[in-house]
Amino acid sequence: MSKIPGPHRRYPGEFFLKLTRDPLTFFEQLAQRAPVNAIKMGPLQIVVLSQPELIQQVLVSDASNYVKGRGLEVSRRLLGQGLLTSENPLHKQQRQILQPIFKPRNLESFRPAFEQQTHRLLRRWPERGVISASTEMTRLTLEIIAQTLFGQEVDVDEVRGAMDEAVKTFRLVALPFYEWAERLLPALRHRPQRVRQRLDRVLEGILPGSLLQGTEMASEQLRDEAMTLFLAGHETTAHALTFALYLLSRHPEAQRRCAQDEAYLQAALLETLRLYPTAWIIGRRSLTSCQLGEYQIPPNTTVLMSPFAMHRHPDYFLQPERFRPERWLETPRSRLPKGVYFPFGGGPRVCIGEHFAWLEMLIGMRLILQNYWLEPCDVSRPKLRPAITLAPGQELLIPVRAA
Ligand code: HEM
C-alpha cells in the first residue's frame with residue numbers, strides 16, 4: 001500500500017475536509033493528478049482509481065474480489081438486504097429473481113405508464129408560468145415507479161413524505177462519521193428504525209398489487225426489495241431529468257432538435273449524465289489482496305471510482321465542461337474505452353434499472369419538449385449537492401410556456 005503514490009497531505013484532516021466540503025473538485029483533481037491515488041484518512045485506507053482499465057477491472061473482471069463500500073453497508077439498516085445493499089450469495093439469487101422485470105422486452109409493457117404519468121404531469125403545468133424542475137421531476141418519477149412496480153394509484157404525498165424522511169436519513173447514515181455520532185447522540189439510533197417503520201407501513205398498503213408479489217420471495221425480502229427499488233428507482237432518475245431540463249432550457253438550439261429527433265434527444269441525455277452523473281461516486285472494498293496495475297492492494301481497502309471525475313477528464317472528452325450532445329453522434333459511446341463513461345456502473349452490480357431509466361427519460365423528455373417550450377433558467381452554473389446521489393444544490397426554476 002505504501003508504494004501507491006498519493007497527494008501530499010499538508011495538514012492533518014486535510015483530505016477529510018476536502019471530501020466533506022467539496023468532494024467533486026477533490027476527485028477531479030485526483031483524477032488529473034494520477035491514475036491511481038492513495039489517501040489515508042484516520043484508519044481508512046482509500047485508493048481512488050481514475051484509469052479506465054483499472055475501473056473496469058474492479059467493477060467487472062475482478063468483481064468477485066470486492067464487496068460494496070462501507071457507506072452502503074451502513075445503509076442496510078434502512079434498506080435491509082435489498083438488491084442495492086446485499087452481497088453474495090443472496091445478491092446473485094435476488095438479481096436472478098428480479099432481472100426479468102427489467103429486461104428490455106418486459107419494459108415495453110411499462111411504456112403506457114410512462115406516457116400516462118408524463119401527460120398527467122403536464123396537465124398540471126400552467127399555459128405559461130414557472131416550474132421547479134426538481135419538484136416536478138421527483139413527482140413524475142415517484143408516480144412512475146409506484147404505477148409500474150406497484151400497479152396502483154398510490155397516495156403520492158404520503159409516499160413522498162415517508163420517502164423524503166427516508167432519503168434524509170439515508171444521507172445521514174451514510175456519512176463517514178455517522179456511527180461515531182450515533183454513539184454520542186443515542187436519539188439518532190432510533191431514527192433509521194422509525195423511518196423504516198413508516199416506510200413499511202406505506203409499503204404494506206401497496207405491496208399487494210405489486211409486480212414483486214408474483215416472484216418467489218419471503219415477505220421480509222419482498223419488503224426490502226420493494227423499498228430498495230422505490231428509493232433507487234426514483235431519486236437518481238428525477239435528478240437526471242432535472243439536470244436535462246435545466247441544460248436544455250439554456251441551450252435553445254439543442255432543445256429544438258431534441259423535440260424532433262429521438263437520436264439527438266438520446267445524445268442530449270447521454271451528455272446530461274456525462275456532466276451530471278447522478279450516481280457520482282462508486283465504492284468497493286477489497287476482500288483479498290489484489291493487483292491493480294503495478295500496485296498491490298491489501299484486503300479491506302476502500303476503492304473509489306468517480307463517474308463525475310472520469311466524465312470530465314480532458315484526456316477523454318474535448319472541452320469537457322461544455323454541454324455538447326453532438327459529441328455522442330460524432331463518437332458513439334461504443335468507441336470510448338470501457339471504464340471512461342459509466343453512469344450506471346458496470347459488471348454484476350450494474351444498475352438493474354438502466355433500461356427502465358432510459359425509456360422513462362426518453363419518453364418523459366420527448367413529451368415534455370413536444371408540449372412545452374423551456375425558457376432559459378437564470379442560473380448560469382448550478383450549485384451541486386453530492387450526497388448519496390448528485391442533486392442540484394439550489395432550486396432550478398424554469399419559465400415554461402405551452403408549445
Ligand atoms: C438515471 C437513472 C439512474 C442512474 C444514474 C443509476 C445509477 C446506478 C448505479 C451507478 C448503480 C451501481 C452502483 C454500484 O455499483 O455501486 C445502480 C444500481 C442500482 N440501481 Fe440504478 N440508476 C438509475 C435508475 C435506476 C432505476 C430507474 C432503478 C429501478 C427501477 C434502479 C435500481 C437500481 C438497483 C436495484 C441497483 C442495485 C443493483 C445491484 O447491485 O444488483 N436504478 N444504479
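Provided above is the structure to which this section pertains.
Residues numbered from 1 in each chain as written. Predicted model: local features only at pLDDT ≥ 70, side-chain atom pairs only at ≥ 80, totals over all residues.

Student: Mind showing me how you'd approach the overall build of the protein here?
Tutor: Looking only at helices and strands, the protein features 19 helices and 12 strands. Taken against the 2.2 N^0.38 rule, which gives 22 Å for 403 residues, the C-alpha radius of gyration of the protein at 21 Å falls within 12% of a compact globule. Seen along its three principal axes, the alpha-carbon backbone of the protein occupies a region of about 60 × 50 × 40 Å. Burial statistics for the protein: of 403 residues in total, 40% are counted as buried. Expressed as a percentage of contacts within the protein between residues at least 6 apart in sequence, the contacts between residues at least 24 apart total 73%. (Helix = DSSP H or I, 4+ residues; strand = E, 2+ residues; numbered from the N terminus. Rg over C-alpha atoms; globule rule 2.2 N^0.38 Å. Buried ≥ 20, exposed ≤ 12 C-beta atoms within 10 Å, placed from the backbone. Contact = placed C-beta atoms within 7 Å.)

Student: Honestly, the sheet that holds strand 4 (residues 128-132) in this entry has me stumped. Any pointers?
Tutor: As a general point, the strands of a sheet are linked pairwise by backbone hydrogen bonds and lie either parallel or antiparallel. One open sheet holds the three strands; their spatial order is 4-12-9, and the pairing between them is antiparallel. Either end of the sheet is taken by a strand with one partner, and the two such strands are strand 4 and strand 9 (372-374). The average undirected angle you get between the axes of adjacent strands in this sheet is 35°. As paired elements, strand 9 and strand 12 (residues 397-402) share three bridges and run antiparallel to each other. Bridged to Tyr 372 within strand 12 is Ala 402. (Pairing = 2+ DSSP bridges. Axes fitted to C-alpha atoms, helices over the stretch in contact; angles between N-to-C directions.)

Student: Which parts of the structure should I look at to understand the pairing of strand 8 (residues 302-305)?
Tutor: Every regular strand shows the same layout, with side chains that alternate between the two sheet faces. Note: strand 2 (residues 44-49) against strand 8, four bridges, orientation parallel. When the bridges of strand 8 are listed, Val 47 appears paired with Val 303. Two strands pair when backbone bridges link them, and strand 5 (residues 282-286) and strand 8 are joined in this way by four bridges, in the antiparallel orientation. Looking at strand 8, one finds that Arg 285 is bridged to Thr 302.

Student: What is the right way to read the nonpolar core from this model?
Tutor: Across soluble globular proteins, nonpolar side chains show a tendency to be buried alongside one another. Grouped together as the largest cluster of nonpolar side chains are 93 residues, with contacts concentrated most on Leu 49, Val 58, Ala 244, Leu 245, Tyr 246, Met 365 and Ile 398. The element best represented in this core is helix 14 (residues 219-250), accounting for 15 residues. Setting aside residues no more than four positions away along its own chain, Leu 245 makes contact with Ala 133, Leu 374 and Ile 398. (Core = buried A, V, L, I, M, F, W, Y, C linked by C-beta atoms within 7 Å.)

Student: Got a minute to help me understand the packing of helix 16 (residues 262-275) against helix 19 (residues 354-371) in this structure?
Tutor: It is the contact of helix 16 with helix 19, at a shortest axis distance of 10 Å, that shows an interaxial angle of 115°. Relative to helix 19, the element helix 16 lies roughly perpendicular. In terms of crossing hand, the pair formed by helix 16 and helix 19 is right-handed. Contacts from Leu 265, Gln 266 and Leu 269 in helix 16 reach Met 361, Leu 362, Met 365 and Arg 366 in helix 19. (Parallel < 35°, antiparallel > 145°, perpendicular 65-115°, else oblique. Left-handed = near helix turned anticlockwise from the far one by under 90°.)

Student: Could you clarify how one ought to interpret helix 13 (residues 191-206) in this entry?
Tutor: In a regular helix each residue adds 1.5 Å, so 16 residues correspond to 22 Å; helix 13 covers 23 Å between its end C-alpha atoms and thus fits that length. All of the buried residues along helix 13 are Pro 192, Val 195, Arg 196, Leu 199, Val 202, Leu 203 and Ile 206. Buried residues along helix 13 cover an arc of 125° about the axis, so they all sit on one side. Opposite the packed face of helix 13, turned more than 90 degrees from it, sit the exposed residues Gln 193, Arg 194, Gln 197, Arg 201 and Glu 204. (Expected span 1.5 Å × (residues − 1). Arc of directions from axis to C-beta.)

Student: What am I meant to see in helix 19 here?
Tutor: Residues lying three or four places apart along an α-helix face the same way, a consequence of the helix completing one turn every 3.6 residues. If you check helix 19, its first and last C-alpha atoms are 26 Å apart, about what 18 residues at 1.5 Å a residue would give, namely 26 Å. Looking only at helix 19, the buried set comprises Phe 356, Ala 357, Glu 360, Met 361, Gly 364, Met 365, Ile 368 and Leu 369. The arc that holds every buried residue of helix 19, seen down its axis, measures 155°, which confines them to one face.

Student: Looking at this structure, how should I read the environment of Val 47?
Tutor: Within the secondary structure layout, Val 47 lies in strand 2. Here Val 47 falls in the buried class, since 24 other C-beta atoms lie within 10 Å of it. A C-alpha to C-alpha distance of 28 Å links Val 47 and Lys 168, two positions 121 residues apart in sequence. When near neighbours in sequence (up to four residues on either side) are disregarded, Val 47 contacts Ile 4, Val 36, Ala 38, Ile 297, Thr 301 and Val 303.

Student: Help me understand the sheet that holds strand 2, please; the structure alone is not making it clear to me.
Tutor: Read across the open sheet, the five strands follow the order 1-2-8-5-3; overall the sheet is mixed. Lying at the two open borders of the sheet, with one neighbouring strand each, are strand 1 (36-41) and strand 3 (66-68). Here the strands of the sheet are splayed against their neighbours by 30° on average, with no regard to which way each runs.

Student: Would you take a moment to explain the environment of Arg 160 for this structure?
Tutor: Here Arg 160 is to be found in helix 10 (residues 156-173). Along the backbone, Arg 160 and Gly 42 are 118 residues apart, and their C-alpha atoms lie at a distance of 38 Å.

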